[in-house]
Amino acid sequence: MMRRLLLLAACLLPASLHAADLRVVATTNSMGTLASAVGGEHIDLTVLAPPDRDAHFLQAKPSMMRDLRRADLVIAVGAELEAGWLPVAVKRAANPAIQPGQPGHFEAAGHVDLLDVGESGGGHVHASGNPHFNLDPRRMRALLPALAERLAAIDPPHADSYRAHANEAVARLDRLMPEWTDRASDAPGAVFHHADTRYLMDWLDLPVLGYLEPTPGVPPTARHLRELAESLEGSDGVIIHAPYYSGRGPSKLGGELGWPVVQLHTEPDAPTLDAWIGLIDAWVDALSRHDRAGSRSD
């Protein structure tokens, strides 16, 4: 009887203990979106950067190193976005599997074409290219099969499942992208705080009308806002900024121009494809509904 009970327990345990086969750590919710969409039920996902924080400014913390120490795969944005904290955290985690150059270290930037490569300057200018491709459905789409192949190499028994999940996600984005571009086709463009919307506007073929930052990473100045208002006077558009930036500059510029001011996150609130699609939908909505008077906060 005891042996039969032990065998029964052995049959039941895998459903709870082995439902997730790989420990995956993503640096941002967008990278976590890729992981959950492709990995599905075969991964245990941890995200390091809160969605309401600027990933440029995080610090390596013991909790990060603990998660990285146990990870089978780390998924990073790359292109120097996490340069101030991820290399330190990965090194101190002392996990050979996730060191740069190993199969367990996946840098998304290495699998897509980057804009603004070779540019130099102060603030948040990245010479290796603009790392804010997470708002571009084309590049996120391209990353899905790339990540599926990496997961298949690490975990061959589930390779077919990873590829099938990636194909399903690609098909879903293929259905949505024409709808998004059609909705934004008549939008006049927008002013942003930072160049984290560079890929989004390139995909939608819409003009960036200006940046609140005089230089990437430098807060808006009264002189810069005055010059920006003068250059845009009489035109139409919308001002969009992330919640972790001060709202004073956007409000001042919006008041002078009579433009709506919209506050939007640049990361989904959860590392899921549904949440990421909702984020893109919100951005398209903000850009395409530019004619609403006043300001609002999302």
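Being a predicted model, the structure only gives us computed values, none of them experimental.

Undergrad: Residues and numbers for the overall build of the protein, please.
TA: The helix and strand tally for the protein stands at 10 helices and 8 strands. Within the span of the protein, comprising 298 residues, buried residues form 48% of the whole. Put simply, of all contacts in the protein between residues at least 6 apart along the chain, 65% involve residues at least 24 apart. For the protein, the exposed surface amounts to about 14,000 Å²; the carbon and sulfur share of it is 52%.

Undergrad: Got a sec to walk through the sheet that holds strand E3 (residues 73-76)? Specific residues and values, please.
TA: One open sheet accounts for 4 strands, arranged E2-E1-E3-E4; its pairing is parallel. Since the sheet does not close on itself, it has two edges, and those belong to strand E2 (43-47) and strand E4 (105-107), each with one partner. When strand polarity is set aside, the average angle formed by the axes of neighbouring strands in this sheet is 20°. Summarising the sheet, E3 and E4 pair through 3 bridges and their orientation is parallel. Across the sheet, Ala76 pairs through a bridge with Glu107, a residue of E4. Strand contacts of helix H2 (residues 29-39): strand E1 (22-26), E2 and E3, with the helix running at about 175° to E2, the strand carrying the most contacts.

Undergrad: Could you give an account of the nonpolar core, naming the residues involved and the relevant values?
TA: Met31, Phe133, Leu144, Trp180, Ile240 and Leu287 are the most contacted members of the largest nonpolar core, which has 60 residues in total. Setting aside its immediate chain neighbours within four residues, Leu144 contacts Leu34, Ala37, Val38, Ala166, Ala169, Val170 and Leu173. By size, the runner-up hydrophobic cluster in this structure holds 16 residues, among which are Val25, Leu58, Ala76 and Leu86.

Undergrad: Give me the lowdown on helix H10 (residues 273-288), citing residues and values where you can.
TA: With 16 residues, H10 should cover 22 Å at 1.5 Å per step; its first-to-last C-alpha distance of 22 Å lies within 8% of that length. Turning to H10, its buried residues are Leu273, Ala275, Trp276, Ile277, Leu279, Ile280, Trp283, Val284, Asp285, Ala286 and Leu287.

Undergrad: Any chance you could break down the sheet that holds strand E8 (residues 261-263) for me, citing the residues and the numbers?
TA: If you trace the 4 strands from one edge of the open sheet to the other, you get E6-E5-E7-E8, paired in parallel fashion. Each end of this open sheet is capped by a strand with a single partner; those strands are strand E6 (208-211) and E8. Taking each pair of neighbouring strands and ignoring which way they run, the sheet shows an average axis angle of 25°. Alignment of strand E5 (residues 190-192) against strand E7 (residues 238-241), held across 3 bridges, turns out to be parallel. Within E7, the position partnered with Ala190 by the bridge is Val238. This element, helix H8 (residues 222-232), spans E5 and E6 of the sheet and lies at about 160° to E6.

Reading guide: rules and limits
Within every chain, residues take consecutive numbers counted from 1 along the sequence as written. Local features in this predicted model are restricted to residues of pLDDT 70 or higher, and side-chain atom pairs are both shown and tallied only at a pLDDT of 80 or more, whereas totals for entire chains, interfaces and linings draw on every residue. To get the side-chain values, take all heavy atoms of the structure and skip hydrogens and water. Secondary structure follows DSSP: runs of H or I at least 4 residues long count as helices, runs of E at least 2 residues long count as strands, and numbering of each begins at the N terminus. Only protein chains enter the accessibility calculation, which uses a 1.4 Å probe. A residue is then buried if its area is under 20% of the maximum for its type, exposed if over 50%, and partly exposed in between. Every residue pair with non-hydrogen atoms within 4.5 Å of one another is taken to be in contact. The Shrake-Rupley method, run with a 1.4 Å probe sphere, supplies the accessible areas, and residue values consider only the shown protein chains as cover. The rule for pairing is simple: two strands pair if DSSP sees at least two bridges between them. Each axis is a line fitted through C-alpha atoms, and for a helix only the stretch in contact is used; angles between axes span 0 to 180 degrees, taken between their N-to-C directions. The set of buried Ala, Val, Leu, Ile, Met, Phe, Trp, Tyr and Cys residues whose side-chain atoms join them within 4.5 Å is what this entry labels a nonpolar core. By definition here, a helix of n residues has an expected span of 1.5 Å times n minus one.

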